[in-house]
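Breakdown of the fold
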Amino acid sequence: MEIRLYLQMLRRGWWIILLVALIAMSVSLGISYLAVPKYQATARFIVTPGISITEGRDVINSLDTLDRRSVVATYAEVMNSERILLNSARFLNINATQLVDDYTFQAVVLPDANVLELTVSGPSPQVTAELANTIGNQTILFTSGLNMSYDINILDSATVPILPFSPQPTRDASIALVLGAILGAALAIVSEQVRIPLETYRQRLRIDSTTGVYNGRFFKQVLEDELTKDPDGVLSIGIIELSGLQDLKETLPPSGLQYLLKKVTGILRKELRGNDIIGRWNEVSFVILLPTTPGTAAKRTLDRIYLALSESVTLSAFDATIDLEPLIGGALYSSSISAQELIEKAESSVEQARISGDSPVRLWEMNNPFWVQKEA
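I will try to describe carefully the structure that is included in this document. Every chain is numbered on its own, with residues counted from 1 as its sequence reads. Confidence filtering applies because this is a predicted model: local features only for residues at pLDDT of at least 70, side-chain atom pairs given and counted only at 80 or more, and all residues used for totals across whole chains, interfaces and linings. With hydrogens and water stripped out, all remaining heavy atoms of the structure feed into the side-chain values.

**Structural notes on the nonpolar core**
One recurring pattern in soluble globular proteins is that nonpolar side chains are buried together. Filter applied, for reference: For the purposes of this section, nonpolar cores are sets of buried Ala, Val, Leu, Ile, Met, Phe, Trp, Tyr and Cys residues that join through side-chain atoms within 4.5 Å. Residue burial is assigned from relative accessible area. The probe radius is 1.4 Å, only protein chains are included, and a residue is buried under 20% of its type maximum, exposed over 50%, and partly exposed in between. For this analysis, residues touch if any pair of their heavy atoms sits within 4.5 Å.
Membership of the largest hydrophobic core comes to 30 residues, with the highest contact counts inside it found for Leu 245, Leu 268 and Leu 309. Non-local contacts of Leu 245, meaning those with residues more than four positions away in its chain, are made with Leu 257, Leu 260, Leu 261, Val 284, Ile 322 and Leu 324. With 27 residues, the next largest nonpolar core counts Val 72, Ala 89, Leu 116 and Tyr 150 among its residues.

**A few points about the sheet that holds strand E3 (residues 115–122)**
Selection rule: Strands are treated as partners if at least two bridges between them are detected by DSSP. Helix numbering and strand numbering both begin at the N terminus, where a helix is a DSSP run of H or I of at least 4 residues and a strand a DSSP run of E of at least 2. With axes taken as lines fitted to C-alpha atoms, and helix axes fitted only over the stretch in contact, angles between N-to-C directions fall between 0 and 180 degrees.
Pairing within the open sheet is antiparallel, and its 4 strands lie in the order E2-E3-E1-E4. Whereas interior strands pair on both sides, the edge strands pair on one side only; in this sheet they are strand E2 (104–109) and strand E4 (150–156). Shown here is a sheet whose adjacent strand axes are inclined to one another by a mean of 25°, direction ignored. Sheet analysis places strand E1 (residues 39–49) next to E4, joined by 6 bridges and oriented antiparallel. Paired with Pro 49 across the strands is Tyr 150, a residue of E4. Of the strands in this sheet, E1, E2, E3 and E4 touch helix H5 (residues 70–79), which is tilted by about 175° from E2.

**Examining the environment of Ser 157**
Positionally, Ser 157 belongs in the loop between E4 and helix H9 (169–206). Between the alpha carbons of Ser 157 and Asn 133 there is a distance of 6.3 Å; along the sequence they are 24 residues apart. What Ser 157 contacts, discounting residues up to four positions off in sequence, is Thr 42, Ala 43 and Asn 133.

**Observations concerning the pattern of salt bridges**
Heads up, the condition is: For this analysis, a salt bridge means a side-chain nitrogen from Lys or Arg found within 4 Å of a carboxyl oxygen belonging to Asp or Glu.
Scanning the model with the defined rule gives 8 salt bridges in all. Of the charged contacts in the structure, one is a salt bridge between Arg 171 and Asp 172, with a shortest N-O distance of 2.9 Å. The shortest N-O distance in the salt bridge between Arg 304 and Glu 271 comes to 3.1 Å. Here the residue Arg 304 occupies a position in helix H12 (residues 295–309), and Glu 271 occupies one in helix H11 (residues 254–271), the gap between them amounting to 33 residues. Taking relative accessible area as the criterion, Arg 304 reaches 36% and is therefore assigned partly exposed. Of the residues examined, Glu 271 reaches a relative accessible area of 19% and is grouped as buried. Sharing partners across several salt bridges, the network here consists of Glu 241, Glu 351 and Arg 354.

Following this line, the structure appears as structure tokens:
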């Protein structure tokens, strides 16, 4: 399941992966274009017992000492020393400071062999080869004057390199493309993980956790957006107050109250159209938005909701039957009033329904000075 989830994240974030990969490849090609080509030359040297040892009787011991690698490592340190570099610079008639700035060299001992490998890198192919061979020769001259028991000799001389080892645009661009795709995949997953909690947070700001419909604050925003989008449009709103729950909300267990509210939500969804909007207005009230619904159609809808909510609801878990006793107040939008005024007219309609006692459904219309009540 987790693999499938990550694959879905990558599928949704494919554009991030592609974008990062292309940026990485473009940067790599740009760097390759601007970079100064560098060449690399390699020379190899072998360390062997000296003549003084081979002419004596201690050849076996000398070979055993050579196998301990300390002798070969000593020659490598000599080859890497600053003294050898300065001697080589004087021999080639090159400024030592420029040599240090532009060229790098390193001698290493090859595994399981008494062989040293010297690698020199720099901007000039001729100088890299000459420097590698000169450092080797200077090492041979320097150590021969120390009367050491072992000799170092050239095994393979350095040759002038033809192609630069850096940059290699094709190789570097391919590596950058792969690394960019990996980085893009990571960013795509991270962006999804960040986006999902943000969407969940935004959802919590809009949705009533008990009923799953819009909360009152967001419903007001939806109503204002609807009127802004079409200020001359036709719509109605209605507030459904469950007066039968007014006294029960303090005594009824939370699970029972939640069941009743969800039951009411289900009834409202059943009685309304797909584009109608439901919100929870307060603890015992709901609010509905009926787009493109004129007065006559709005009255029929409110009457239908009243009849559906007038039926008693049985709470089997508590062995109780609850009468919701709905009171419904509606208001028909007119372009001369604001969203807040429309809500206030609907609330006044609910109040009129409560006061009248025998007219539980009321609808306010701008062109009708009378409260329109539910037909008996």
